[in-house]
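# Coordinate inspection notes
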Amino acid sequence: MPRHIYACPLRWSDMDAFGHVNNVVFLRYLEEARIDFTFTNAGEAGEKAFSEGSVVARHEVDYLRPLVYRPEPIIIETWLTKLGNASFTVAYEIKDEETVYVRASTIVVPYDLAAARPRRLTPGERAFLFDYLETAAVAA
């Protein structure tokens, strides 16, 4: 199964007083990768429904190594570990060629913005997401 790859630029302001990327900033990195995956990548594949809305129901983050600013972008690999009818779980690794800095997961719920309530995944969304489902990757 393919993984979505996102090259995320680091900003000098991402570092905290301890000289490494702040833990909260990693959530922004995850968001950037997830948006690139569900909006940009899915949109390029012809699936536009994600742009109608989704919400984060849960984040889980394991900080493995400190990351300090450098001019080269960090790589964020994204895939799915669970695909339900009304939610999906996105898994991530924030890394470079030598080091994994963060492993994380996010439960995402499709959301109907006009009705202000969760909705079910469309058949097109499910088909797009299914290509990225890696159930064996959960124990990584």
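Going by the structure above, here's the rest.
Basis of the calculations
- Residues numbered from 1 in each chain as written.
- Predicted model: local features only at pLDDT ≥ 70, side-chain atom pairs only at ≥ 80, totals over all residues.
- Heavy atoms only, no water.
- Phe/Tyr/Trp six-rings, centres within 6.5 Å; stacked < 30°, edge-to-face > 60°.
- Helix = DSSP H or I, 4+ residues; strand = E, 2+ residues; numbered from the N terminus.
- Buried < 20%, exposed > 50% of the residue type's maximum accessible area, 1.4 Å probe, protein only.
- Contact = heavy atoms within 4.5 Å.
- Core = buried A, V, L, I, M, F, W, Y, C linked by side-chain atoms within 4.5 Å.
- Arc of directions from axis to C-beta.
- Polar contact = N/O pair within 3.5 Å; in protein donor to acceptor, adjacent residues only side chain to side chain.

## Looking at the packing of aromatic side chains
- According to the stated counting rule, one finds six aromatic pairs in the structure shown.
- When the centroid spacing of 5.7 Å and the interplanar angle of 65° are considered together, the rings of Phe26 and Tyr63 count as edge-to-face. Of this pair, Phe26 sits in helix α1 (residues 23–44) while Tyr63 is found in strand β2 (residues 54–63), placing the two residues 37 residues apart along the sequence.
- Taking relative accessible area as the criterion, Phe26 reaches 3% and is therefore assigned buried.
- Given the relative accessible area of 40%, Tyr63 is considered partly exposed.
- Between the aromatic rings of Phe128 and Tyr132, the centroid separation amounts to 5.4 Å while the plane-to-plane angle is 45°, which identifies the pairing as tilted.
- Looking at Tyr132, the relative accessible area reads 12%, which means it is buried.

## A short note on the environment of Val102
- The residue Val102 is located in strand β5 (residues 100–112) in this model.
- In this structure the C-alpha to C-alpha distance between Val102 and Ile76, which are 26 residues apart in sequence, comes to 9.3 Å.
- Apart from residues no more than four positions distant in its own chain, Val102 is found in contact with Phe26, Val61, Asp62, Tyr63, Leu64, Tyr92, Glu93 and Ile94.

## Observations regarding the nonpolar core
- Among the nonpolar cores identified, the biggest contains 30 residues, and Tyr29, Ile76, Leu80, Phe88 and Leu129 are the most heavily contacted of them.
- Going through the elements one at a time, β1 (4–8), α1, β3 (74–83), β4 (88–95), β5 and α2 (123–130) are the ones with two or more residues in this core.
- Ranked by residues supplied to this core, first place goes to α1 with seven residues.
- Sequence-distant contacts of Leu80, that is, excluding residues within four places in its chain, are made with Phe37, Phe88, Thr89, Val90, Leu129, Tyr132, Leu133 and Glu134.

## A few points about α2
- Glu125, Phe128 and Leu129 are the residues of α2 that are buried. Looking straight down α2, one finds that the buried residues subtend no more than 95° of arc, so they occupy a single side.
- Among the structural elements, α1, β3 and β4 are those in contact with the buried residues of α2.

## Some words on the side chain of Glu77
- Relative to the helices and strands, Glu77 is located in strand β3.
- One polar contact links Glu77 to Arg3, side chain to side chain, over a distance of 2.9 Å.

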